[in-house]
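Here's the letter readout for the chains.
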Amino acid sequence: MTRPNWPNYFLGIASQVATRSDCRRAQVGAVIVDERNRIVSTGYVGTAAGQPGCLDGACPRGLLSTEDCPPGTEYSNCISFHAEVNALLYSDRSRHEGGTIYVTRQPCDWCYKLIRASGVAFLTFGEPGTYLWVDLHTEQAVTVSNG
C-alpha cells in the first residue's frame, strides 16, 4: 500500500467536500491547510447558513439551462458563494496564512483575487493525480501528473 502525497490527499478530501454543494450547476469543494498540512477549513458551493439554497429552487441561475446561462457568465443571478469563499469565510487568517488551498477546479477570477489577498501562499486545483500547483507570491505554476 502506498500513501498519497499531500496534494492528492487533500484534493481527494476536497472532492468529498464538494458532495455537500447546494448547487444544481456546479459541485466544487475547497480545503485550506496550514504550513504543517493540518486542515484549517473546508468549503463548498452554497448559500449563507440557514438560507434556502439552489437545490430548494431558490436560485434563479440554477433554474436556467446552460444554453440560457452559459457557465462562467455573469453571476448576479446566483445566490450561492463559491467553495473557495466559504472556506476562507470559515477560516481564521492567522491559521491559514502561508498555507495552501486545494480546490476541485480552477477558481474564477474573483475567487483567485480573494485567495491571493487572503494570505494563503499556494493554490492547488484539479483532481488527485493531475493538478496545477501555483505559488501565489510569484504566480509560477507547475502542472503535475502522477496519476
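Residues numbered from 1 in each chain as written. Predicted model: local features only at pLDDT ≥ 70, side-chain atom pairs only at ≥ 80, totals over all residues. Heavy atoms only, no water.

1. Quick notes on the nonpolar core
Then comes step 1: Of all hydrophobic cores here, the largest spans 18 residues; its most connected members are Ile101, Val103, Ile115 and Leu123.
Then comes step 2: Broken down by secondary-structure element, the contributors of at least two residues to this core are strand 1 (29-33), helix 2 (83-89), strand 3 (100-103) and strand 4 (122-127).
Then comes step 3: It is helix 2 that provides the largest number of residues to this core, a total of three residues.
Then comes step 4: Core analysis: the second largest hydrophobic core is formed by eight residues, Phe10, Val17, Val31 and Tyr131 among them. (Core = buried A, V, L, I, M, F, W, Y, C linked by side-chain atoms within 4.5 Å. Buried < 20%, exposed > 50% of the residue type's maximum accessible area, 1.4 Å probe, protein only. Helix = DSSP H or I, 4+ residues; strand = E, 2+ residues; numbered from the N terminus.)

2. Notes on a nonpolar patch on the surface
Then comes step 1: Residues Phe81, Leu89 and Tyr90 make up a contiguous nonpolar surface patch of about 350 Å² in total accessible area.
Then comes step 2: Mapping Tyr90 onto the fold places it in the loop between helix 2 and helix 3 (93-96).
Then comes step 3: Classification of Tyr90 as exposed rests on a relative accessible area of 58%. (Patch = residues over 30% accessible without salt bridge, like charges linked within 9 Å, V, L, I, M, F, W, Y side chains within 5 Å. Areas by Shrake-Rupley, 256 points an atom, 1.4 Å probe, with all protein chains shown as cover. Salt bridge = Lys/Arg side-chain N within 4 Å of Asp/Glu carboxyl O.)

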